[in-house]
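These are the residues of each chain, in order.
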Amino acid sequence: MRIGDAAAAAGTTPRALRFYEQRGLLPPPARSASGQREYGPAEVARVRVIRQLLAMGLTVEDLAGRAHRLDLLAQDPPVRCSETPGPDTFAPVVHARLATLDAEIARLTALRGRLAHHIATGGSDVPAGR
């Protein structure tokens, strides 16, 4: 199938497919005689996995170093990363992303607390000149 059909089947855009290819998340597809990209069900499944992982908060950079393992997650049924151990599993990436999210949640919670305190005190605790 051509790029537009593959993108629609995966729930994304042709531009996203080209971006995933450029970033190494999607291997270069086969080309037709006229040079158009040709995708099959395996590529569509891989793009769906990429989109799911991105929707869960992982970044393109997180996925790029483990791109060769994306096909394991695209299998039916998916292979759990823990079933194929190795230093290049997604576990370290996921743990690092969780730590980043926890730090951001802590920062936002503190910011919320300061803002709520400001409202509760009628803004009287703002230093002059700010």
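Conventions used here
- Residues numbered from 1 in each chain as written.
- Predicted model: local features only at pLDDT ≥ 70, side-chain atom pairs only at ≥ 80, totals over all residues.
- Heavy atoms only, no water.
- pLDDT = per-residue confidence, 0-100.
- Helix = DSSP H or I, 4+ residues; strand = E, 2+ residues; numbered from the N terminus.
- Core = buried A, V, L, I, M, F, W, Y, C linked by side-chain atoms within 4.5 Å.
- Buried < 20%, exposed > 50% of the residue type's maximum accessible area, 1.4 Å probe, protein only.
- Contact = heavy atoms within 4.5 Å.

Q: Explain the confidence of the model for the protein chain to me, please; I cannot follow it from the model alone.
A: For residues with low pLDDT, the predicted coordinates do not support detailed interpretation. On average, residues of the protein chain carry a pLDDT of 88, and 87% of them reach 70 or more. Mean pLDDT across the secondary structure elements of the protein chain bottoms out at helix H5 (residues 70–74), with 84, and peaks at helix H2 (residues 14–22), with 97.

Q: I tried to follow the nonpolar core on my own but got confused; where do I start?
A: One broad rule of soluble globular proteins: the nonpolar side chains tend to lie buried together. By size, the foremost hydrophobic cluster in this structure holds 23 residues, and its most contacted members are Leu17, Tyr20, Leu25, Leu53, Leu63 and Leu70. With five residues, the top contributor of residues to this core is helix H3 (residues 41–55). Residues within four places of leucine 63 in sequence aside, it is in contact with Leu25, Ile50, Leu53, Leu54, Leu58 and Phe90.

Q: Looking at this structure, how should I read the environment of alanine 42?
A: Relative to the helices and strands, alanine 42 is located in helix H3. C-alpha separation for the pair alanine 42 and alanine 74, spaced 32 residues apart in sequence, amounts to 7.6 Å.

Q: Got a minute to help me understand the environment of alanine 64 in this structure?
A: Tracing the backbone shows alanine 64 in helix H4 (residues 60–64). Under the relative-accessibility criterion, alanine 64 is labelled partly exposed at 33%. Other than its neighbours up to four places away in sequence, alanine 64 contacts Arg23 and Leu25.

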